[in-house]
Amino acid sequence: MPSILRIEKLNILLKEELSKILDREIELPEDHLATITRVSVSPDAHYAAVFVSILGPHPKTALGNLSKNVYNVQQTLNRKVRMRPVPKIHFEIDEEEKRRESVEKSLADLKKKGEI
């Protein structure tokens, strides 16, 4: 069982490598931009949830495209990362990012009204 510190390092490493792969090798539908917000590796380091924030008119379509290309992304990640086993990844839309945006918008509205 990996330590908590090792899991955190894996989260950071996978986020960096997957960001590079997403930027260079994955084509998203036109007018879409995907950003990896965080990676959550399971305690046994066999699985990783990759949370993405997708800007564009149809984020579900872009997520479907990412999910369709997960095999290619996994193969590229396996070649780039020197560890075994490399966690099996799956993509999810980061709902926390949406909540953060709504809170920030609410705070900005309150600031405009002079209530803060």
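Everything here concerns the structure above.
Quick notes on the rules
Residues numbered from 1 in each chain as written. Predicted model: local features only at pLDDT ≥ 70, side-chain atom pairs only at ≥ 80, totals over all residues. Heavy atoms only, no water. Helix = DSSP H or I, 4+ residues; strand = E, 2+ residues; numbered from the N terminus. Buried < 20%, exposed > 50% of the residue type's maximum accessible area, 1.4 Å probe, protein only. Contact = heavy atoms within 4.5 Å. Patch = residues over 30% accessible without salt bridge, like charges linked within 9 Å, V, L, I, M, F, W, Y side chains within 5 Å. Areas by Shrake-Rupley, 256 points an atom, 1.4 Å probe, with all protein chains shown as cover. Salt bridge = Lys/Arg side-chain N within 4 Å of Asp/Glu carboxyl O. Pairing = 2+ DSSP bridges. Axes fitted to C-alpha atoms, helices over the stretch in contact; angles between N-to-C directions. Expected span 1.5 Å × (residues − 1). Arc of directions from axis to C-beta.

(A) How the structure looks around the side chain of H32. Mapping H32 onto the fold places it in the loop between helix 1 (4-25) and strand 1 (33-41). For H32, a relative accessible area of 14% puts it in the buried group. Ignoring sequence-local partners within four residues, the contact set of H32 consists of I54, L55, G56, P57, H58, P59 and A62.

(B) Geometry of a nonpolar patch on the surface. A contiguous nonpolar surface patch, about 350 Å² in accessible area, is contributed by V103, L107, L110 and I116. Position of L110 among the secondary structure elements: in helix 4 (residues 95-113).

(C) Layout of the sheet that holds strand 1. On the basis of which strands lie adjacent, the open sheet formed by three strands has the order 1-2-3 and mixed pairing. Both outer strands of the open sheet, strand 1 and strand 3 (88-93), are each paired with one neighbouring strand and no more. Sheet twist, expressed as the mean angle between neighbouring strand axes with direction ignored, is 30°. One ladder, built from eight bridges, connects strand 1 with strand 2 (residues 47-55); its direction is antiparallel. Across the sheet, the residue bridging to V39 is V50, located in strand 2.

(D) Seen up close, helix 1. Its 22 residues give helix 1 an end-to-end C-alpha distance of 31 Å, which sits within 8% of 32 Å, the value for a rise of 1.5 Å per residue. Taken residue by residue, helix 1 has I7, L10, N11, L14, E17, L18, I21 and L22 as its buried positions. Seen from one end, helix 1 has its buried residues packed into an arc of 160°, which puts them on one side. The exposed set on the far side of helix 1, more than 90 degrees from its buried face, consists of L5, K9, I12, D23 and R24. If you follow the buried residues of helix 1, they end up packed against strand 1, strand 2, helix 2 (59-68), helix 3 (70-80) and strand 3.

(E) Up close: unusual backbone geometry. Following R84, the chain continues into P85 via a peptide bond in cis, with omega recorded as -10°. Mapped onto the elements of the fold, P85 is located in the loop between helix 3 and strand 3. Non-glycine residue D31 carries a positive phi angle of around 65°. Relative to the elements of secondary structure, D31 occurs in the loop between helix 1 and strand 1. Phi is positive for A45, close to 65°, though the residue is something other than glycine. Tracing the chain through its elements places A45 in the loop between strand 1 and strand 2.

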